[in-house]
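Tertiary structure, described
Listed here are the chains, written in short residue letters.
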Amino acid sequence: MIHWKPVGEYVEPNWVKHGTDLPPILFWRSVKGAVLGFLRDGELFDAKWIYVCDANKVSHFSAVNVPGDTVVELAAHRAES
């Protein structure tokens, strides 16, 4: 399940300090849907750093977690139900 937060709660990372090695974030645009990428200096870029749109068109965001101990196999989840 994706837990969307209002884009006003998004804090842009310090790109000078961290560079571009940060994991991408999932951003929602009400007109065109989701984009996996980055907000930088008021602009939205996709995960390959290709310009997508003005950040004012983004309404929500969600961090994308990497697989780990919290991942549940679908078959196991169904067996619990």
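Residues numbered from 1 in each chain as written. Predicted model: local features only at pLDDT ≥ 70, side-chain atom pairs only at ≥ 80, totals over all residues. Heavy atoms only, no water.

**Focus on the packing of aromatic side chains**
- Within this structure, the stated rule accounts for 8 aromatic pairs.
- When the centroid spacing of 4.5 Å and the interplanar angle of 5 degrees are considered together, the rings of Phe-38 and Trp-49 count as stacked. You can see Phe-38 sitting in strand 3 (residues 33-40) and its partner Trp-49 sitting in the loop between strand 4 (43-46) and strand 5 (51-54), a full 11 residues away along the chain.
- For the ring pair Phe-45 and Tyr-51, a centre distance of 6.0 Å and an interplane angle of 80 degrees mean the geometry is edge-to-face.
- On the basis of relative accessibility, which here comes to 18%, the residue Phe-45 falls in the buried class.
- A relative accessible area of 48% places Tyr-51 in the partly exposed class.
- Aromatic ring contacts, followed pair by pair, group Trp-15, Phe-38, Phe-45, Trp-49 and Tyr-51 into a single cluster. (Phe/Tyr/Trp six-rings, centres within 6.5 Å; stacked < 30°, edge-to-face > 60°. Helix = DSSP H or I, 4+ residues; strand = E, 2+ residues; numbered from the N terminus. Buried < 20%, exposed > 50% of the residue type's maximum accessible area, 1.4 Å probe, protein only.)

**What to know about the pairing of strand 3**
- As paired elements, strand 2 (residues 25-29) and strand 3 share 5 bridges and run antiparallel to each other. Within strand 3, the position partnered with Leu-26 by the bridge is Leu-36.
- Joining the antiparallel neighbours strand 2 and strand 3 is a turn of 3 residues.
- Pairing between strand 3 and strand 4: 4 bridges, direction antiparallel. Each residue of the ladder has a partner; that of Arg-40, found in strand 4, is Glu-43.
- Hairpin connection from strand 3 to strand 4: 2 residues lie between these consecutive antiparallel strands, with Asp-41 at a positive phi of about 55 degrees. (Pairing = 2+ DSSP bridges.)

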